[in-house]
Structures are given as structure tokens and as C-alpha cells.
Amino acid sequence: MGQLTVGDAGDSGTRTGRGKVTITEIAREAGVSVPTVSRVVNGRSDVAPRTRARVEDLLHRHGYRRRPAGSRDRAALIDLVFNDLDSPWAVEIIRGVEEVAHAAGVGTVVSAIHGRSGDARQWMTNLRARASDGVVLVTSVLEPVLHDELRRLGVPLVVVDPAGSPALDAPTVGATNWAGGMAATEHLLRLGHRRIGFVAGPPRLLCSRARLDGYRAALDRAGIAVDESLIVPGDFYQESGFTGCTALLDLAEPPTALFAASDQMAMGAVEALRRRGARVPEDMSVVGFDDLPEVRWSAPPLTTVRQPLAEMGKLAARTVLRLTRGEQLDSPRVELATELVVRSSTAPAPTGP
């Protein structure tokens, strides 16, 4: 894409003394992305007036001709990239991105790279071939060389729930995970629970670490020392919630409540309790994180921390579209508020034997 001429993107172009100038060169000189130049060339309306004027001036100075009327334009596309797609929360983010993209007349291409270098490189090859306008990357890590390639191509990137330290030169969208972790734990403390188990998410993810830090902070504020034996590993999926809860039940003194860092792990924990003949919430209270649509219909309906997944997808899509128009962002890092949703899976701590 970086070597496409304006003619390749929907314009015939005109040779200058040094040959045909590429879109990348025009974009670099104008200080905008490659897709923005393509939009101006193709007469699209979704470009800020000042940006359009700057690009039009450069196109005029380089002597470009518009493509003949009736020629077919390429589709406008956003690439939405996940590490994996086998979770309900991915569907919620897709729903948010698709709603905004559809309203803007932009298509969405959904991909999963599974954390594998080969898959990520194949995705980059496909992206170059379809000339996408922007990328929304969800809880995934791109190799630096691939991120550099996006920058070279002038393709805007927005990261949802960055997997590691947000060192990428890209805007990020997340949620108040620390506050959510603290709210979930404080809810259980208010119910009288003092031994609260925690099933953690993948430690490589910032959101996982923030939820664990919120759990620790709530216990510290209540004057309760953190018992490391009550913290068990997980990966956000049901099986790890089942395994983690089973390990906690096998302790000499099991917890009376459990906070799982995802709804899916919370549902796995509920199943582990059921198989042990324990009742929720009478024998153990359970709190999740996400507020996926199905947890309100679980047995019992799950108390959880609502993470605005669809709204995060919408904001990420709007941010990409703004970047393709050459607009300035108010902030490179946005966190949407989480909210504790109390249902029937939590109750006061049991008293007596």
C-alpha cells in the first residue's frame, strides 16, 4: 500500500520530473494518513475541510488528474484484529465497531492472529492487499516491525485493552479495571466476607493486572492482609475458573467468597461449586467481571462488574475514523467507567459452622 500510486487508489496520476509520486509521499508532505489522501482523491466527503484543502493543494502542485467519472472506487474498510475470537466479549466489541462503521458507510474485516507471528504477518499481507483505512487491535501484541509497517503505510491504529505497557505510538481505549476490581472486592467486604478468593486473568494483560491490583487495594483499605494462597491463576476462560475454584475449595480453610476477573471464569467457578454440592450464594458468593449478556440469565444471575465492551468498540471505531480524516484527538488514552451490577450470586457471609 505504501508504494501504491494515486492511480492505484482511484486516480490516474501524472508523471513529474522524478517519476510518479506515491500516496505515501503526498501523505507525508501533508502530514496525514495514506487513506486520507485516497479519500480526497476519490471525492469522499468524510475529510476535515482544512485537511482536504491541504491535500488538494499538494495534489494540484504535483499535477494530478482525477480518474474518469464512472470508474469504480475501492471499498472503505476498518480491520478489527483480535488475538482470539472464541469469547462472548469479542462479539460485544465487534457489535460496537460494526455499528459505528456501518453508520459511516465503512466495512469491517475481522481477523484473529492467535498470538502467532506467522498469522500476524499473513494478516499484514492481507491488509496491504485490501488497502484498509485503519486498524482496531484488541488485547493483542504486534511485533514492532509490523507496527512500523503500519506507520510506514500511514494506516491509523487504535488499541483496545493494550496487552502490555502502552508503548505503541497509538491511541488506546480501555476501561477502569482497577476501580472495577476494587468495587467488586468492596462489595464482598460489605457483605461481611473476609476470606475472598481471586481468580486472576492472564498476567501479560494490563487489564488483568489492574483488576488484581484493585482487589489488593480494597483488602488493604479494609485492613485485611492479602493471603496469596487465595489468589489463583486463570486465563479468562471457563475451564480456568473451574480449576481455580476447585483449588480454592481444596484449601484447609476455603474462602467464603470468590471474585473472578471475567464472567466466563466466574461461570466456571459456579460449576465447580455445583459439582462439590455447594450452593451459590449460600455457601460461597461469586462475582464476575464484564457483564456479558448471558450472565443475567445464569443460575443464579451473576453479580458482576459491567465493562462497557460495545461502547469501547464504538469509541475505537470513531477514533480510527477521526484519524483517517486527519483530525486531532482530545486524548491518546481513554478509559470508560466500569459499574458494579449486583444480582443474586452474592449474599452475606455465612455465620457459624
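Residues numbered from 1 in each chain as written. Predicted model: local features only at pLDDT ≥ 70, side-chain atom pairs only at ≥ 80, totals over all residues. Heavy atoms only, no water.

(A) Here's a closer look at the confidence of the model for the protein chain. This prediction gives the protein chain a mean pLDDT of 85; 85% of its residues lie at or above 70. For residues 1–19, every residue scores under 50 in pLDDT, and the model assigns this stretch 51 contacts once sequence neighbours within four places are set aside. Here residues 65–74 is modelled with pLDDT under 50, and outside its nearest four sequence neighbours on either side it reaches 20 contacts, counting other chains as well. (pLDDT = per-residue confidence, 0-100. Contact = heavy atoms within 4.5 Å.)

(B) Focus on the side chain of His 193. Examined against the element boundaries, His 193 turns out to sit in the loop between α7 (177–190) and β6 (196–199). Among the polar contacts made by the side chain of His 193, one reaches the side chain of Ser 285 at a distance of 3.4 Å. When sequence neighbours within four positions are dropped, the list of residues in contact with His 193 reads Leu 188, Thr 256, Ala 257, Ser 285, Ala 347, Pro 348, Ala 349 and Pro 350. (Helix = DSSP H or I, 4+ residues; strand = E, 2+ residues; numbered from the N terminus. Polar contact = N/O pair within 3.5 Å; in protein donor to acceptor, adjacent residues only side chain to side chain.)

(C) Highlighting helix α9 (residues 238–249). Compared with the 16 Å implied by 1.5 Å per residue over twelve residues, the 17 Å span of α9 between its first and last C-alpha is a close match. When we look at burial in α9, the residues that qualify are Ser 240, Gly 241, Gly 244, Cys 245, Leu 248 and Leu 249. On its buried face, α9 is in contact with β6, β7 (231–232), β8 (257–260) and α10 (263–275). (Expected span 1.5 Å × (residues − 1). Buried < 20%, exposed > 50% of the residue type's maximum accessible area, 1.4 Å probe, protein only.)

(D) Geometry of the packing of aromatic side chains. Overall, the coordinates contain three aromatic pairs when judged by the stated rule. Each ring, one from Phe 82 and one from Trp 89, has its centre 6.3 Å from the other, and the planes form 55°; the classification is tilted. For the pair shown, Phe 82 and Trp 89 are each scored as buried. Pairwise contacts between aromatic rings join Phe 198, Tyr 215 and Phe 259 into one cluster. (Phe/Tyr/Trp six-rings, centres within 6.5 Å; stacked < 30°, edge-to-face > 60°.)

(E) How the structure looks around the pattern of salt bridges. For the structure shown, the criterion picks out 21 salt bridges. With a shortest N-O distance of 3.3 Å, Glu 186 and Arg 221 are connected by a salt bridge. With a gap of 35 residues between them, Glu 186 in helix α7 and Arg 221 in helix α8 (residues 206–221) connect regions that are remote in the sequence. Residue classification places Glu 186 among the partly exposed residues on the basis of a relative accessible area of 21%. The class of Arg 221 is exposed, set by a relative accessible area of 62%. (Salt bridge = Lys/Arg side-chain N within 4 Å of Asp/Glu carboxyl O.)

(F) View of α8. Taking 1.5 Å of rise per residue, the 16 residues of α8 would be expected to cover 22 Å, and the 22 Å separating its terminal C-alpha atoms lies within 8% of that figure. At the exit of α8 stands Gly 223, carrying a positive phi of roughly 75°.

(G) Here's a closer look at the sheet that holds strand β4 (residues 157–160). In space, the six strands of this open sheet follow the order β2-β1-β3-β4-β5-β11, with parallel pairing throughout. Looking at which strands have only one partner, the edges of the open sheet turn out to be β2 (107–112) and β11 (333–336). For this sheet, the mean inter-axis angle between neighbouring strands, taken without regard to orientation, is 20°. Note: strand β1 (residues 77–82) against strand β3 (residues 134–138), five bridges, orientation parallel. When the sheet's bridge partners are listed, Leu 80 is paired in β3 with Val 136. (Pairing = 2+ DSSP bridges. Axes fitted to C-alpha atoms, helices over the stretch in contact; angles between N-to-C directions.)

(H) Spotlight on the sheet that holds β8. The sheet built from six strands is open, its strands ordered β7-β6-β8-β9-β10-β12 with mixed pairing. Only two strands of the sheet have a single partner each, and these edge strands are β7 and β12 (339–341). Here β8 pairs with strand β9 (residues 285–290) via three bridges, running parallel. The residue of β9 that forms the bridge with Ala 257 is Ser 285. Against the sheet, α8 engages β6, β7, β8 and β9, with an angle of about 170° to β6.

(I) View of the packing of helix α4 (residues 88–103) against helix α11 (residues 309–324). Between α4 and α11, whose axes approach to 7 Å, the crossing angle comes to 40°. Taken together, the axes of α4 and α11 lie oblique to each other. The handedness of the crossing between α4 and α11 comes out as right-handed. Touching Trp 89, Glu 92, Ile 93, Arg 95, Gly 96, Val 97, Glu 99 and Val 100 of α4 are Leu 309, Ala 310, Gly 313, Lys 314, Ala 317, Arg 318 and Leu 321, all from α11. Counted by class, the contact of α4 with α11 contains eight nonpolar, two polar and five charged residues. (Parallel < 35°, antiparallel > 145°, perpendicular 65-115°, else oblique. Left-handed = near helix turned anticlockwise from the far one by under 90°. Nonpolar A, V, L, I, M, F, W, Y, C, P; charged D, E, K, R; others polar.)

(J) View of the pairing of strand β5 (residues 172–175). Going residue by residue along β5, you find Thr 172 and Gly 174 tucked away on one face and Val 173 and Ala 175 tucked away on the opposite face as well. As judged from the two bridges shared by β4 and β5, these two strands associate in the parallel manner. Across the sheet, the residue bridging to Val 160 is Val 173, located in β5. Of the pairings in the sheet, the one linking β5 to β11 comprises four bridges and is parallel in character. Residue pairing in the sheet places Gly 174 in a bridge with Glu 335 of β11.

(K) Main features of the nonpolar core. Core analysis: the biggest nonpolar cluster contains 65 residues, and Tyr 215 and Leu 258 have the highest contact counts within it. Apart from the residues within four sequence positions on either side, Tyr 215 is in contact with Gly 181, Met 182, Thr 185, Ile 196, Gly 197, Phe 198, Leu 230, Ile 231 and Phe 259. Judged by nonpolar contacts, the second largest core, of 16 residues, contains Met 124, Leu 157, Val 159 and Ala 170. (Core = buried A, V, L, I, M, F, W, Y, C linked by side-chain atoms within 4.5 Å.)

(L) Local environment of the pairing of strand β10 (residues 303–306). Sheet topology places β9 next to β10; four bridges connect them, and they run parallel. Across the sheet, Asp 290 pairs through a bridge with Arg 306, a residue of β10. With three bridges joining them, β10 and β12 adopt antiparallel strand pairing. Pairing of Arg 306 across the sheet is with Glu 339, part of β12.

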